[in-house]
Amino acid sequence: MPRDAISKVIMQLMAQLQWPAAVGARGLSWLWKRSRRVAVAAVVVVAVVKVRAYVQKQQRRKRWEAAGQDVVVLHMFVRGKNLPNLSPFVLKLETYLRMADIKYEVDYEEPMGSKGKSPWITLNGQDLADSQFVMEHLASKFNKDFSSHLSREEKATAHALRIMLENNTLWGLAYWRYVQDGGRAILTGMYVPFFVRLSLTAFVRHFKKLIWMQGMGRHSPHDIEYLCKQDLAALATHLGDKDFLMGDKPTEVDCAVFGFLCQLMYASAGSPYARMLETDFPNLRSYCLRVKDKFWPDWNACLDPPQPVS
Amino acid sequence: MRAPGGLGAMVLRWLGGGGRRPLAITAVVMGVVVVVKTVLCVRRRQRRARWGEAGKGVVVLHIFPRGTSCPSLSPFVVKLETYLRLACIPYLVDFEKPLGPKGKCPWVSLDGEEIGDSHLIIQHLSERFNRHLSSHLSGEQRATAHAMRVMMEEHFFWCNVVWRWVEDRKCTVSSLTHWGTLLPFHHVYRPLVSLLLRHQASMQGVGRHSWPQVYSMAWEDLHALSVYLGGKKYLTGDELTEDDCGVFGMLSQVVWCSPGSPLLSAVQDNFPNLIVYCQRVRERLWPDWNRCLNPPLPDNSLLDASV
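Note that the structure is predicted; figures quoted are calculated from it, not measured. (Residues numbered from 1 in each chain as written. Chains lettered and ligands numbered in written order. Predicted model: local features only at pLDDT ≥ 70, side-chain atom pairs only at ≥ 80, totals over all residues. Heavy atoms only, no water.)

### Observations concerning the overall build of chain A
Summing up its helical and strand segments, chain A has 13 helices and four strands in all. Expressed as a percentage of contacts within chain A between residues at least 6 apart in sequence, the contacts between residues at least 24 apart total 72%. A total accessible area of about 15800 Å² is found for chain A, and carbon and sulfur atoms account for 57% of it. In chain A, 41 positive and 30 negative side-chain charges are present, and the distance between their average locations comes to 13 Å. (Helix = DSSP H or I, 4+ residues; strand = E, 2+ residues; numbered from the N terminus. Contact = heavy atoms within 4.5 Å. Areas by Shrake-Rupley, 256 points an atom, 1.4 Å probe, with all protein chains shown as cover. Lys, Arg positive; Asp, Glu negative; His and termini not counted. Charge placed at Lys NZ, Arg CZ, Asp CG, Glu CD.)

### Thoughts on the interface of chain A and chain B
Each side of the interface is counted separately: chain A has 33 residues, and chain B has 36 residues. Buried surface at the junction of chain A and chain B, summed over both partners, amounts to about 3000 Å²; 61% is from carbon and sulfur atoms. Our count for the chain A to chain B interface comes out at zero salt bridges. For the interface between chain A and chain B, the tally reads eight residue pairs in polar contact (both at pLDDT 80 or more). Those elements giving two or more residues to the side of chain A that touches chain B turn out to be helix H6 (152–180), helix H9 (200–214) and helix H10 (221–239) of chain A. Ranked by residues supplied to the side of chain A that touches chain B, first place goes to H6(A) with twelve residues. Partitioning the side of chain A that touches chain B into residue classes produces twelve nonpolar, twelve polar and nine charged. (Buried area = accessible area lost by both parts, 1.4 Å probe. Salt bridge = Lys/Arg side-chain N within 4 Å of Asp/Glu carboxyl O. Polar contact = N/O pair within 3.5 Å; in protein donor to acceptor, adjacent residues only side chain to side chain. Nonpolar A, V, L, I, M, F, W, Y, C, P; charged D, E, K, R; others polar.)

### Examining the packing of helix H8 (residues 242–257) of chain B against helix H10 (residues 272–285) of chain B
Residue and element names in this part refer to chain B. Where H8 meets H10, the axes come as close as 10 Å, and the angle between the chain directions of the two elements is 115°. In terms of their interaxial angle, H8 and H10 are classed as roughly perpendicular. For the element pair H8 and H10, the recorded crossing hand is left-handed. Residues Asp244, Val247, Phe248, Leu251, Val255 and Trp256 of H8 form the contact with H10, whose participating residues are Leu274, Tyr277, Cys278, Gln279, Val281 and Arg282. (Axes fitted to C-alpha atoms, helices over the stretch in contact; angles between N-to-C directions. Parallel < 35°, antiparallel > 145°, perpendicular 65-115°, else oblique. Left-handed = near helix turned anticlockwise from the far one by under 90°.)

### Here's the deal with the side chain of Thr157(A)
You can see Thr157(A) is positioned in helix H6. With residues up to four places along the chain from it excluded, the contact list for Thr157(A) reads His238(A), Thr144(B) and Met148(B).

### Looking at the sheet that holds strand E4 (residues 126–129) of chain A
Residues and elements named next belong to chain A. Spatial strand order, E2-E1-E3-E4: four strands in an open sheet with mixed pairing. Both edges of this open sheet fall to strand E2 (104–107) and E4, since each of them pairs with a single strand only. Shown here is a sheet whose adjacent strand axes are inclined to one another by a mean of 25°, direction ignored. Where strand E1 (residues 72–75) lies against E2, four bridges are found, and the strand directions are parallel. Paired with His75 across the strands is Asp107, a residue of E2. Sitting on the sheet, helix H3 (residues 36–65) is in contact with E1, E2, strand E3 (120–123) and E4, with an inclination near 65° to E3. (Pairing = 2+ DSSP bridges.)

### Side note on the environment of Leu274(B)
Residue and element names in this part refer to chain B. Inspection of the secondary structure assignment puts Leu274 in helix H10. Overall, Leu274 belongs to the buried group, its relative accessible area being 1%. With 19 residues separating them along the chain, Leu274 and Val255 place their C-alpha atoms 9.0 Å apart. Setting aside its immediate chain neighbours within four residues, Leu274 contacts Leu222, Leu225, Ser226, Leu229, Leu251 and Val267. (Buried < 20%, exposed > 50% of the residue type's maximum accessible area, 1.4 Å probe, protein only.)

### Quick word on the packing of aromatic side chains
How two aromatic rings sit relative to each other is set out by the distance from centre to centre and by the angle between their planes. Tallied over the entire structure, the rule returns 16 aromatic pairs over all chains. Seen in terms of ring centroids, Phe157(B) and Trp158(B) are 5.2 Å apart; in terms of plane orientation they differ by 75°. Their pairing is edge-to-face. We classify Trp158(B) as buried; its relative accessible area is 3%. Each residue in the set Phe258(A), Tyr266(A), Trp296(A) and Trp299(A) is aromatic and connected to the rest through ring pairs, giving one cluster. (Phe/Tyr/Trp six-rings, centres within 6.5 Å; stacked < 30°, edge-to-face > 60°.)

### Description of the packing of H6(A) against helix H7 (residues 211–229) of chain B
Across the interface, H6(A) lies against H7(B) with an axial gap of 8 Å and an inter-helix angle of 130°. Judged by the angle between their axes, H6(A) and H7(B) are oblique. Pair H6(A) / H7(B) crosses with left-handed handedness. Contact residues: H6(A) offers Arg152(A), Glu153(A), Ala156(A), His159(A) and Ile163(A), while H7(B) offers Glu220(B), Asp221(B), His223(B), Ala224(B), Val227(B) and Tyr228(B). For the contact of H6(A) with H7(B), the residue count by class is five nonpolar, two polar and four charged.

### Thoughts on the confidence of the model for chain B
Caution applies to low-pLDDT parts of the model: their predicted coordinates are not meant to be read in detail. With 89% of its residues at a pLDDT of 70 or more, chain B has an overall mean of 88. Across chain B, element-level confidence peaks in helix H3 (residues 75–86) of chain B with a mean pLDDT of 97 and bottoms out in helix H1 (residues 3–16) of chain B with 65. (pLDDT = per-residue confidence, 0-100.)

### Here's the deal with the sheet that holds strand E1 (residues 59–62) of chain B
All names here are of chain B. Pairing within the open sheet is mixed, and its four strands lie in the order E2-E1-E3-E4. This sheet does not close on itself; its edge strands, each paired only once, are strand E2 (91–94) and strand E4 (113–116). Neighbour-to-neighbour, the strand axes of the sheet open up by a mean angle of 25°, direction not taken into account. Summarising the sheet, strand E3 (residues 107–110) and E4 pair through four bridges and their orientation is antiparallel. Bridging across to E4, Trp107 finds its partner in Gly116. In this fold helix H4 (residues 118–128) packs onto E1, E3 and E4, with an angle of close to 135° to the strand it touches most, E4.

### Quick word on the environment of Cys70(B)
Residues and elements named next belong to chain B. Along the polypeptide, Cys70 turns up in the loop between E1 and H3. Among the residues examined, Cys70 registers a relative accessible area of 1% and is labelled buried. Apart from residues lying up to four places away in sequence, Cys70 is in contact with Val78, Ser252, Gln253, Trp256, Cys257, Trp289 and Leu293.

Quick look at the structure:
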């Protein structure tokens, strides 16, 4: 069959397919015209890679299903050197699973879920993303409600404090981590694959653009520090000298606040926020240690590399 | 070299390179560019001179054009202008240059100084004019009001963006503004702004969820705010504070700028105290609300009898 006819068929396929496959088809058509052997070799290599990835994914799925009925498979990034995870949302969800005494297993092979976010879970074959939606689903399924003793006003305040931390203060921390610190705390705080280390500049530039789009990145570092200090001050004032954020008993909001504060205490050395916890808001620091002692007695064993449990 | 300068240099090299392309075209293009740049520079200086004439201690507030049902389609413009009225700070409005030093709106010029971001402006003005509207509150009250304001401005704001610019198939935003004199808003500006904000909402995180999930998140925020407000006159009690301005700015977008939206229905059906609160703030600080619309309405006419 003439080469031109084959390339015409490929071009027709391109018109039907979506753009990534269309680009691939155009490249294949170009290759076919120049060398049939190389084009066939390229197709075989891509097919082998795709089949291997598919088979590995099916094997992973079988392993997750083998976890057992009602056992959560928690998909997340690898452990950190000084804290169990450098993502505040992973730490939030894992703390909740411990607080609610829900059996779970950890998976590091597929940390990013359907929304391009981490963590996410698989439970009885069903995938769920976003830490807050996961917590609400698990609360309903396992009938766990740690906020039932709170008044409506207290629940409203807890909600607002959590949203404030996760949608405002977090961006200030992200600015320090990726723009001011250039990702160094990430590199030294967890295992990062070699090819990701090489593309760190592109990674940092992507985050810089992300933070600019959100809005926080348009301020000066001084203004960002000022805005975040106001948030931490509000949190510290509300906590006061209570054991936990809403009183004597831990609630769901404590998981979110703990997950965030751990990032400041253990993964942001040299940042203005770590200094604020020591000098301006010592009650937040002692609160963080209190929650850690209660729900993470095996903290040292959850580090990478694991440390002796004292 | 910066991108526009680099592109311009490439175009000039292409125009001037080779004897086939007449130098006359190059000269004409350069001449046009120089004239346009000069005119823009002169206009910029004239604008600055006009702003300077406003007077010492008079804030020049730079904002988007007025809306048809609300003084602005931006919650932060409504927030800042409400604060200026609450704090009795004299101000003039400028519509010519709405985007400021941080590429955001609103921004202000005051005695030759330019400041961006509504929250930072309010902090600056409260120090400059010695207006501390929250000094009577306890630390706990201030902390909770702060959290409520940040929740509305940094989270609910994005839920509203997703509705207004992504989910609203009827594009009601086009009927709420007369933006765009050279090119039509609905067919040109709206699709471009929609694309940009869709991307920004996805980068922020809220935009990655499905609409039912976004709606449930927005509902939780409104519920928390409604419970916190309760039967109080204003957010923290009987007196208005800076945080009321932020919350009012955000709620004004739902109450007056979201006709037919599920968010407005949620507020009307489940959180009527938020509507009463908005009407109370509007009566107190915006007696000339109708005159601040585009086109202005008679003072005694109401756009919507229910709100």
